[in-house]
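Observations on the model geometry
What follows is each chain in one-letter form.
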Amino acid sequence: KAKYLSSDESLKGSITCKLPFEQIFDSYDEDATESCQSFDGLAKTVLQVGKKIAQEAVILATLSSKGFPITPILSLKPTLITVAKSNAKGMKKSSRQIIFPAPHTALYMGAYVQGYCARIDNRYGAFIRFLDNL
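Scope of this entry: the structure provided in the associated data block.

The rules we used
- Residues numbered from 1 in each chain as written.
- Predicted model: local features only at pLDDT ≥ 70, side-chain atom pairs only at ≥ 80, totals over all residues.
- Heavy atoms only, no water.
- 1 Å grid on protein atoms, 1.4 Å probe; cavity = no way out; pocket = protein on both sides within 12 Å on 5 of 7 lines; lining within 4 Å.
- Points joined across faces, edges and corners; volume = space filled by probe spheres on them.
- Helix = DSSP H or I, 4+ residues; strand = E, 2+ residues; numbered from the N terminus.
- Nonpolar A, V, L, I, M, F, W, Y, C, P; charged D, E, K, R; others polar.
- Patch = residues over 30% accessible without salt bridge, like charges linked within 9 Å, V, L, I, M, F, W, Y side chains within 5 Å.
- Areas by Shrake-Rupley, 256 points an atom, 1.4 Å probe, with all protein chains shown as cover.
- Salt bridge = Lys/Arg side-chain N within 4 Å of Asp/Glu carboxyl O.
- Lys, Arg positive; Asp, Glu negative; His and termini not counted.
- Charge placed at Lys NZ, Arg CZ, Asp CG, Glu CD.
- Buried < 20%, exposed > 50% of the residue type's maximum accessible area, 1.4 Å probe, protein only.
- Phe/Tyr/Trp six-rings, centres within 6.5 Å; stacked < 30°, edge-to-face > 60°.
- Lys NZ or Arg CZ within 6 Å of the ring centre and 35° of its normal.
- Pairing = 2+ DSSP bridges.

So, on to the layout of surface pockets. If you add up the space inside the second largest pocket, you get close to 330 Å³. Lining of the second largest pocket is provided by 16 residues; of these, Glu22, Gln23, Tyr116, Cys117 and Ala118 occupy positions nearest its centre. Mapped onto the lining of the second largest pocket, the elements with two or more residues apiece are strand S2 (17-20), strand S3 (58-63) and strand S7 (116-121). Taken together, the residues that form the lining of the second largest pocket break down as nine nonpolar, two polar and five charged.

On the surface, Asp29, Glu30, Asp31 and Glu34 cluster together into a negatively charged patch. With respect to the element layout, Asp31 can be found in helix H1 (residues 30-33). Among the residues examined, Asp31 registers a relative accessible area of 53% and is labelled exposed.

What follows is about the packing of aromatic side chains. For the structure shown, the criterion picks out zero aromatic pairs. Lying over the aromatic face of Phe127, Arg119 brings its terminal NZ or CZ to 4.4 Å of the ring centre.

Our next topic: the pairing of S3. By the bridge criterion, four bridges tie S3 to strand S4 (residues 69-75) in an arrangement that is antiparallel. Within the sheet, the bridge partner assigned to Ala61 lies in S4 and is Ile73. Linking two consecutive strands that pair antiparallel, namely S3 and S4, is a turn of five residues; a positive phi of about 95° is found at Gly67 within it.

Structure representation (structure tokens):
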């Protein structure tokens with residue numbers, strides 16, 4: 001499930017984007033994840049139709065995995081926003097700096113990276129995504 005946020009052309013700084021429900025919070029309580037209805041109820045209280053989201057967000061992707069332009073996908077997860085801001089400020093290079101990698105990032109063995117769980121598969125494990133569908 002996702003919420004599509006469209007902009008009014010007359011408003012500066014507004015965009016049309018997609019906000020997947022799983023990108024709202026870092027974690028959810030057990031009540032919210034018990035059923036689809038309880039998760040939908042939580043999402044409806046946070047994202048009401050016509051509600052403006054006037055807070056910081058991270059743009060996760062603007063291109064599909066095949067390189068075609070798509071509606072930008074946002075995340076409101078506080079952890080992702082904090083790491084993205086610290087990367088943008090160019091924090092001191094320390095051995096424990098957390099990197100929010102994109103396809104152009106030079107990763108190295110032992111790097112600490114921040115991503116989000118896109119899928120869990122019993123056969124293969126967890127699939128972690130980063131910026132621009134990396």
